[in-house]
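Structural description and commentary
Okay, here's what each chain looks like letter by letter:
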Amino acid sequence: MRRSSTFARQVLLVRVGRRDDDLTPTEHRYADRQRRRYGLDRLSRPTLGVDPTLGLDRADIDAVVPVSPAMPPMAQADEAHSIPLLPGERTIARRMKFALVNACTLASLMLGMLAIFLAMQGEVRIAALCLIACVGFDGLDGALARRLGVASPFGAQMDSLADMCSFGLAAPVVVYASLAGSVSTAAAAVACALVAACAAIRLARFNVSPKDGRFFCGVPTTMAAAVLAVTVAIGLPVPGAVLVAGVALLAFAMVSSFPYAKLARLVKLPPWLWLAPVIGALVDIRLTFALIVVGYLVSGPVLWLRQRRTA
């Protein structure tokens, strides 16, 4: 009974935070035994960041806030900083220029929506002309942004979203409507779905890839949509199965790694090279257009092989 009372007294002494240096050697022995038996040694374990020789009791230790070396304290900002849509000087003239550029982007988006509505009503030729106008506005907004000095990350992201709506969605819908009745519905749906998926991949890759001033990595989405729109507008006289295969090939060309020359490099070609397409267009515009498209698609693998040989 005496030992039991001593045992109870030691437990109470430990739990109320009595320091170990106040205990006698005998009490130390009983205290260590009870700590091991009842798990009370965690009450006197040193805490991270606290020196155990300081003689702090449990209340003082609990008041210490542990500091993690892996996660430094974050500095809290006094004010929330917002990223401006138009970097640089924000004058009325620059805002008007910025609004003009974004109006061209929205015009391309609205024309893409109009092309979808017209294709649903069976007016595929007019819908294709709307897509060609989308291509024009898409090139105009970028040129105006650089010329007026109002290029911004917001404009680049907005242009990418508009391209996805106009060229990644509207163009496949117009092509699907034009293929109705000439091929099976499943084949047309698969080919057009490939265009939409590859356009999304192409635009996302373009946004995160370093820019090359000479070549595109894969066929640009704008150019692919222009080829599809012109094909529908002029009514290329080829079998439906060939059209489906061409649409799928164009979709895969968008996500390929083949280098394709930019329009600025094509414009710098010798003038006599432009005589052949002009004369061919006067003779047979459909055949000339098909030859130009095939030649441009083949130029990518040819340039790729040439770069590998010279590397």
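Quick look at the structure, then. Along every chain, residues carry numbers that run from 1 in the direction the sequence is written. Totals for whole chains, interfaces and linings use all residues, but because this is a predicted model, local features are given only for residues with pLDDT of at least 70 and pairs of side-chain atoms are given and counted only at 80 or more. Only hydrogens and water are removed before side-chain values are computed, so all heavy atoms of the structure are retained for them.

What follows concerns the side chain of Thr231. Under the DSSP-based scheme used, a helix requires at least four consecutive residues in state H or I and a strand at least two consecutive residues in state E, with every element numbered from the N terminus. Topologically, Thr231 is positioned in helix α8 (residues 221–234). Residue exposure (1.4 Å probe, protein chains only): buried if accessible area is under 20% of the type maximum, exposed if over 50%, otherwise partly exposed. On the basis of relative accessibility, which here comes to 16%, the residue Thr231 falls in the buried class. Residue contacts are counted whenever heavy atoms from the two residues lie within 4.5 Å of one another. Every residue in contact with Thr231, bar those within four places of it in the chain, is listed here: Leu236, Leu243 and Phe289.

Our next topic: a nonpolar patch on the surface. Candidates for patches are residues over 30% relative accessible area with no salt bridge; among them, like charges are joined within 9 Å and nonpolar side chains (Val, Leu, Ile, Met, Phe, Trp, Tyr) within 5 Å. Surface accessibility follows the Shrake-Rupley procedure with a 1.4 Å probe radius. Residue values consider only the protein chains on display as shielding. Salt bridge, as applied in this entry: a Lys or Arg side-chain nitrogen positioned within 4 Å of an Asp or Glu carboxyl oxygen. A grouping of Leu269, Trp272, Leu273, Trp274, Leu275, Val278, Ile279, Leu282 and Val283 is seen on the molecular surface, where their side chains present a nonpolar patch of about 980 Å² in accessible area. Its place among the elements puts Leu269 in the loop between α10 (263–267) and α11 (275–283). By relative accessible area, which is 36% here, Leu269 ends up partly exposed.

Turning to the packing of aromatic side chains, a few remarks are in order. How two aromatic rings sit relative to each other is given by the distance of their centres and the angle of their planes. Aromatic contacts are taken between Phe, Tyr and Trp rings whose centres are within 6.5 Å, Trp giving its six-membered ring; a plane angle under 30 degrees counts as stacked, one over 60 as edge-to-face, and the others as tilted. Inspection of every chain in the model, using the stated rule, returns three aromatic pairs. With 6.0 Å between their ring centres and 40° between their planes, Phe98 and Phe154 make a pair best called tilted. Taken together, the residues span a long stretch of sequence, with Phe98 in helix α4 (residues 92–120) and Phe154 in helix α6 (residues 153–179) at a distance of 56 residues. Judged by its relative accessible area of 12%, Phe98 is buried.

Angular values range over 0 to 180 degrees, each being the angle between N-to-C directions of two axes fitted as lines to C-alpha atoms, with helices fitted over their stretch in contact. Two elements in contact, helix α5 (residues 124–148) and α6, have axes separated by 10 Å at closest approach and are oriented at 160°. Comparing their axes, α6 and α5 come out roughly antiparallel. Read as a crossing pair, α5 and α6 show a hand that is left-handed. Along its contact with α5, which presents Val124, Ala127, Ala128, Leu131, Cys134, Val135, Asp138 and Asp141, the element α6 presents Asp159, Asp163, Ser166, Phe167, Ala170, Ala171, Val174, Ala177 and Ser178. We call Asp, Glu, Lys and Arg charged. Ala, Val, Leu, Ile, Met, Phe, Trp, Tyr, Cys and Pro are nonpolar, and the rest, Gly among them, are polar. Residue composition of the contact of α5 with α6, by class: 11 nonpolar, two polar and four charged. Roughly parallel here means an angle under 35 degrees, roughly antiparallel means over 145, roughly perpendicular means 65 to 115, and every remaining angle is called oblique. It is the rotation of the near helix from the far one that decides the hand of a crossing: anticlockwise by less than a right angle makes it left-handed, clockwise makes it right-handed.

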